[in-house]
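Examination of the molecular architecture
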Amino acid sequence: MASEKVRYMADTWKDWCPGCGNYGIITAVEMALKELGIPPHKAVDVGGIGCSGKLPEFLAINGVHTLHGRPIPVATGIKLARPELTVLISAGDGDTLGIGAAHFVAAGRRNVDITLLLHDNGVYGLTKGQASPTLGLFIKTKALSKPNINSPVNPILLALASGYTFIARGYAYHVKQLKEIIKAAIQHKGTALVDILQPCPTYNNVYTKEWYEQRIYYLDEEENWNPVVEKPEELEKKMEQTIAKALEWEERIPLGILFQDKTKPEYFERLKIRIPFIEDIPPYKQPIDVNGKPIVDVAQIFVDKLVI
Amino acid sequence: MVDLVFEIGGPQGGGIESAGQMALRVFMLKGYRVYGTREYHSNIIGKHSYFNIRVREDRALAPNLPADIVVSLDAESVFTHFNDVGEFMVYDTGVLSKDIDSIQSMSKYLKARVKEELDANGVPHTVDGVIKLLDKRGKKTVGVPLRSLLKTTAERAGVSLVSISRAINTIGMAVGLSLIGVELEHLEKAIELFFAGKQKIVKPNVIAAQVAYEYAKENFSSIHRKKMPDGPHVNPVKPRLVVSGNDIVAMGKIAGGLRVQTYYPITPAADESLYLEKFEDFPLTPEAAEKLGLERGGIVVVQTEDEISALNMAIGASLAGARAATSTSGPGVSLMAEALGYAGIIEAPVVITLYMRGGPSTGMPTRNSQSDLLTALFQGHGDLPRIVIASGDHEEAFYDAIKALNWAEKYQTPVIHLLEKAIANAMKDLFNPDLSSVVIDRGKIERNPPIPFPRFKYTEDGISPRAFLGDTVVWYTSNEHDQYGRRNEDPVERIKMQDKRLKKFETAAKEIPLEDKVTLYGDPDAKITLVGWGSVKGAALDAIEILKEEGINVNYLHLRMFMPFPSEYVRSVLEKATTVIGVEGNALAQAAQVVRMFTGFEIPHLIIKYTGRPIFVQELVDSVKHVLNTGDKKVVLSLGQ
Amino acid sequence: MNTWIYKRAIDLGRDGAEIPATRICNNCKYWRPHVFYEGIGVCTHTWPWKMTFENDSCEHFEQIKIDKPGFYWCATCKTRVTPEDYMEHLKQGHRLYPMPYLEPEVREELYSVE
Ligand SMILES: Cc1ncc(C[n+]2csc(CCOP(=O)(O)OP(=O)(O)O)c2C)c(N)n1
Ligand code: SF4
Ligand SMILES: [Zn+2]
Ligand SMILES: [Zn+2]
């Protein structure tokens, strides 16, 4: 790979609406990968279905556009087979907290080393602006004929409850800060969530650029903010402070790293208990034949079934 | 020729599983082929369950009734199986006075039918009444004082005997085995084999067996059969295993190079994944180890949050270069529908092992069926071909599991491997599979791919070379796409891309040999042809033999591959016959419909079964004769509890 | 209360057999009838537990008392009975115990069933 000319952005035309927060997100992703020096063929972006899920189409790294709600399992499968890859997920709030919520929760329990970029725009963009799981109760966007009668789910709290070991929040138009957060998420060993507040100027006229920018602030600018759990006994306290921050919304919205648990083993650490060599010789790397011939003998393995 | 059925029944969890497992080993040690069908309810503990063990010299592939011997370890078994008795009924004298109405675990419908029959024969609704009825019918009823034999066992064992269920089962089974002339030493060996390493369990069970044999010798010598001859496989040259269908598929997958298996627990599929999990870190053969400089292989087995995740995760693993599969049954595969189409459009190699059980919906989770054929063929939206193969027995299942992995990669497609509860749960003896003829074929893989990579390049045979994520930059999308995997809706390109995907299946249809798709058993010139698939095979092979002995020449067309379907060959065979009878385990005669769809041939007679029980040999024989005699278009089978 | 009912049940015996209301396992508070198999159980007085039969007896015998509403095992019906209906079973002469005996290794005999 010629390092100078490495391109992370594809020459495909980005077909998002003008003013969409996704432009900021994709730029931050590009910058993060570039700064981390991850070659495009060693990175994969796994997209859901939605405006957010189109990211892989516009990037020049490996791209796997999946089904609505299913990028998490696909990304997990990729990482399990080939852990050397940097695996990102670009998914909407509908993808992750609506149709794919079971996978969102399960991802926290597994703690596979993947980075979930949650494009949190409060609406179902690609289907004309219906309320997404993060839109507040009784909010009526212009796209809705009536106010939303469902309460929102809090992605930070759900992630915390599900066992995510890295939880952060970014803002789509603060590309530089977002890039730093994404870099930290990628570098974290374990499942990382970045909840990205993403204005959708077309359908969400409530959570607008102006609305967010009046409220957001960065936690790392606060004195004494330390979200990192270094020892198991710190967990409870750190979770409590994360919960408090996660509950801030109407007046002020905190951005940055809200929680990071360095004590919980990543999935391959867990797998190694079962298959000691699995991280060194992961599934994709394992030979399965010698010159097209199987390399096992049934009676040698399944001795428990022998009758002799 | 020995063709024996040994049936043993009792409460679920009450030791029947161990007893059946030991009995299978006994008959194997005695030199026979065995086939053990398990039946049980969707219940953890306490409802009725049983093992039907078929024992033959050459081929044991299907259950049969009547049973030479029925061992009933409780009253419910007596009431449930007295009509299965061919020669012996072994029962516990301690439950003679038990009234059928006092058995709460028993189905009220079965109770009503049994009472009606007992009434018609003028005997009371008790175990005693049933025994009297069997006596009247000339059956040999063998009462065993379980408690007193148990007491003797405990005294002799000299340990606190708390594995009561197992000891009881051993006693019942031992009495049964002694009645049909099987030597005690085989049972002793079988106990040691089955409880290998658990000396605490082995000893009391061996003593229980001895006590039972002594008792039988003293008390039943007049009705004892003479010594059972040894079967042809007393000292087999090759190692012999006893495996369930789930086990054998797991073995096939390991031999076939599977490296990632995902699953969400479901009956009757979960045991396959559990067995894979047990052997997720396995040894390579010494020769391979030397060549590769690697001692062991490893399979990552992931229990996912649901079946949707299971298939999607397997797809992800396959894109990154691992052979990947998932395993499920009806409800799970229904959830996989969308991901199946995804694998289809992104041409991801993935195997879905689909164990059929009684549907629709939750249906009859622990019972057999062949009712997911249409689902396997047509599930998922869009023009979505796939490869669908159905195995007819354990051996087929082993090689099919390997072939499925090959085909998935070779044709870059989801492969649905159909099995049934009847095979999944049946225990079968098996000679150590011969892998010399087995080939691992990963298809077209580009090892030095350019960046970016035209993953969906148009080719002559429709198959584009594949590159793994991480070896280059590859793009996949669930949308229609161009040769680079970029979303594309251009009408001209759309035709090309859709045609390319379809072309692969034409290639597969040409390349996959006929013997992997369909087999004609018996006299190719027979005028009567049975058409079946899956577990019908076992019953059909026996049936055509029995019918031949009775002077009726019948052959059996065993369908294995449903997509791509061997239309021409099937049509030619069916058109040659004067009478064609479809045999299958579902209510819609799904395979018959598929045959008509692909060949235009309408199968005129159907023998179908959808009670959730497997097809027993004798009922198939009888129903074929019935069709031949009456010309009936449809016979619905119902034998078995 | 109502131990007399229980005693009457014992007097009636099981399945019509004559089992006196005496110091037998069947009537002992340490005894657990086998969950499936009739007339067999386990004495839990001393560890390791020991298999006994319903009309065995030993020096540790203590009369079982079913005198409080509770969840009992009805060995006659082979079912768990609730505080509401346990009396009904007693009145009909059924034999109640706090628990039946189920082998610890029962899991090895079970199947995946749904
Ligand atoms: C789609 C689907 N997948 C799998 C199953 C099989 N299945 C039946 S019950 C069950 C799990 C039961 O666990 P839980 O919900 O905790 O209930 P419990 O038995 O523990 O009360 C599963 C996986 C199913 N019925 N449907
Ligand atoms: S939850 Fe199910 S398995 Fe567990 S004790 Fe109850 S019935 Fe049995
Ligand atoms: Zn006692
Ligand atoms: Zn009762």
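So, how was this worked out
Residues numbered from 1 in each chain as written. Chains lettered and ligands numbered in written order. Predicted model: local features only at pLDDT ≥ 70, side-chain atom pairs only at ≥ 80, totals over all residues. Heavy atoms only, no water. Contact = heavy atoms within 4.5 Å. Donors = N, O, S within 2.8 Å, 3.2 Å for Na, K, Ca; no water. Tetrahedral: all angles 85-135°; square planar, octahedral: opposite > 155°, others 65-115°. Helix = DSSP H or I, 4+ residues; strand = E, 2+ residues; numbered from the N terminus. Buried < 20%, exposed > 50% of the residue type's maximum accessible area, 1.4 Å probe, protein only. Pairing = 2+ DSSP bridges. Axes fitted to C-alpha atoms, helices over the stretch in contact; angles between N-to-C directions. Buried area = accessible area lost by both parts, 1.4 Å probe. Salt bridge = Lys/Arg side-chain N within 4 Å of Asp/Glu carboxyl O. Polar contact = N/O pair within 3.5 Å; in protein donor to acceptor, adjacent residues only side chain to side chain. Nonpolar A, V, L, I, M, F, W, Y, C, P; charged D, E, K, R; others polar. Parallel < 35°, antiparallel > 145°, perpendicular 65-115°, else oblique. Left-handed = near helix turned anticlockwise from the far one by under 90°. Phe/Tyr/Trp six-rings, centres within 6.5 Å; stacked < 30°, edge-to-face > 60°. Lys NZ or Arg CZ within 6 Å of the ring centre and 35° of its normal. Expected span 1.5 Å × (residues − 1).

**Considering the arrangement of the chains**
Between all two pairs of chains that are in contact, chains A and B come out with the most contacts. Contact between chain A and chain C is absent, and the least distance between their C-alpha atoms amounts to 15 Å.

**Description of the coordination of the zinc ion (ligand 4)**
Residue and element names in this part refer to chain C. Coordination sphere of the zinc ion (ligand 4), protein contribution only: Cys74 (SG), Cys77 (SG), His89 (ND1) and His94 (ND1), at 2.0 to 2.2 Å. Here the zinc ion (ligand 4) is ringed by four donor atoms whose angles at the metal span 101 to 117°, and the overall shape comes out tetrahedral. We note that the donor set of the zinc ion (ligand 4) lies within a single chain, spaced as C-x2-C-x11-H-x4-H. Placement of the pair is Cys74 in strand E4 (residues 72-74) and His89 in helix H2 (residues 86-91), with a sequence separation of 15 residues. For His89, a relative accessible area of 13% gives the class buried.

**Things to note about the sheet that holds strand E23 (residues 579-584) of chain B**
Residues and elements named next belong to chain B. Judged by pairing direction, the sheet is mixed, and its six strands sit side by side in the order E19-E21-E20-E23-E24-E25 without closing on themselves. Here the strands that pair on one side only, and so sit at the sheet edges, are strand E19 (518-521) and strand E25 (634-637). On average, each strand axis in the sheet is tilted by 20° relative to the strand beside it, whichever way the strands run. With four bridges joining them, strand E24 (residues 605-609) and E25 adopt parallel strand pairing. Opposite Leu606, over in E25, you have Lys634 as the bridge partner. Strands E19, strand E20 (528-533), strand E21 (554-559) and E23 of the sheet are contacted by helix H20 (residues 567-576), whose axis makes an angle of about 160° with E21.

**With respect to the interface of chain B and chain A**
Listed as interface residues are 82 residues of chain B and, on the opposing side, 65 residues of chain A. Contact between chain B and chain A buries roughly 6,200 Å² in total, counting both sides, with carbon and sulfur atoms accounting for 64%. Taken together, the links from chain B to chain A amount to six salt bridges. Glu305 of chain B is paired through a salt bridge with Arg110 of chain A; the nearest N and O atoms lie 2.7 Å apart. Linking chain B to chain A there are 36 residue pairs in polar contact (both at pLDDT 80 or more). Broken down by class, the residue content of the side of chain B that touches chain A amounts to 45 nonpolar, 18 polar and 19 charged. Taken together, the two bridges between strand E2 (residues 62-65) of chain A and strand E18 (residues 475-476) of chain B define a ladder with parallel strand orientation. Bridging from a neighbouring strand, Val64 of chain A pairs with Tyr476 of chain B of E18 of chain B.

**Let's talk about unusual backbone geometry**
Residue Pro360 of chain B follows Gly359 of chain B across a cis peptide bond; omega there is -5°. Looking at where Pro360 of chain B falls in the secondary structure, it is placed in the loop between strand E13 (350-358) and strand E14 (364-368). Put simply, Trp47 of chain C and Pro48 of chain C share a cis peptide bond, and its omega is -5°. Look at Lys128 of chain A: it is not a glycine, yet its phi comes out positive at around 95°. With respect to the element layout, Lys128 of chain A can be found in the loop between strand E5 (123-124) and strand E6 (130-131). Taking the relative accessible area as the measure of exposure, Lys128 of chain A reaches 61% and is therefore exposed.

**Re the packing of helix H6 (residues 164-179) of chain B against helix H8 (residues 199-219) of chain B**
Residues and elements named next belong to chain B. Contact geometry for H6 and H8: axes closest at 8 Å, N-to-C directions at 40°. Between H6 and H8, the crossing angle belongs to the class labelled oblique. As for the relative orientation of H6 and H8, their crossing is right-handed in sense. Along its contact with H6, which presents Arg166, Ala167, Thr170, Ile171, Ala174, Val175, Leu177 and Ser178, the element H8 presents Ile201, Asn205, Ala208, Ala209, Ala212, Tyr213 and Ala216. A per-class count over the contact of H6 with H8 returns 11 nonpolar, three polar and one charged.

**Observations concerning the packing of aromatic side chains**
With the rule as written, the count across this model stands at 29 aromatic pairs over all chains. Here the aromatic rings of Tyr72 of chain C and Tyr86 of chain C are separated by 5.6 Å at their centres, their planes lie at 40°, and the arrangement is tilted. Here Tyr72 of chain C, found in strand E4, pairs with Tyr86 of chain C, found in helix H2; they are 14 residues apart in sequence, far enough to count as distant. A single burial state applies to Tyr72 of chain C and to Tyr86 of chain C, both of which are buried. Every member of this aromatic cluster is reached through a ring pair, and the members are Tyr171, Tyr173, Tyr207, Trp211, Tyr212 and Trp249 of chain A. Just above the ring of Tyr173 of chain A sits the side chain of Lys209 of chain A; from NZ or CZ to the centre is 5.7 Å.

**A closer look at the pairing of E24 of chain B**
All names here are of chain B. The element E24 is largely enclosed, with a buried count of five among its five residues. Every second residue of E24 is oriented toward a common face, with His605, Ile607 and Lys609 on one face and Leu606 and Ile608 on the other, all of them buried. With four bridges connecting them, E23 and E24 associate as parallel partners. In the sheet register, Val583 faces E24, and the bridge partner there is Ile607.

**Side note on the pattern of salt bridges**
Residues and elements named next belong to chain A. The full count for this structure, using the stated rule, is 82 salt bridges over all chains. Between Glu279 and Lys189 there is a salt bridge whose closest N-O contact spans 3.7 Å. Here Lys189 lies in the loop between helix H7 (175-187) and strand E8 (192-197) and Glu279 lies in the loop between helix H10 (267-274) and helix H11 (298-301), a separation of 90 residues in the sequence. The exposure class assigned to Lys189 is partly exposed, which follows from its relative accessible area of 43%.

**A look at the environment of Thr242 of chain A**
Residues and elements named next belong to chain A. Turning to its location among the elements, Thr242 is positioned in helix H9 (residues 235-247). Separated by 15 residues in sequence, Thr242 and Pro227 have C-alpha atoms that sit 7.5 Å apart. Residue contacts for Thr242: discarding those within four places in its chain leaves Ile156, Leu160, Leu258 and Phe259.

**Digging into helix H12 (residues 307-319) of chain B**
Residue and element names in this part refer to chain B. If you check H12, its first and last C-alpha atoms are 18 Å apart, about what 13 residues at 1.5 Å a residue would give, namely 18 Å. The buried count for H12 comes to 13 of 13 residues, which makes it a mostly enclosed element. You can read the cap of H12 off the contacts: a side-chain oxygen lies 3.1 Å from the backbone nitrogen of Ile308, and it is on Asp306. Backbone geometry just after H12 places Gly321 at a positive phi near 110°.

**Considerations on helix H10 (residues 270-278) of chain B**
Of all the residues in H10 of chain B, the buried ones are Ala270, Glu272, Ser273, Tyr275 and Leu276 of chain B. Those residues of H10 of chain B that are buried are in contact with helix H9 (245-255), strand E8 (260-263), strand E11 (300-303), strand E12 (324-329) and E13 of chain B.

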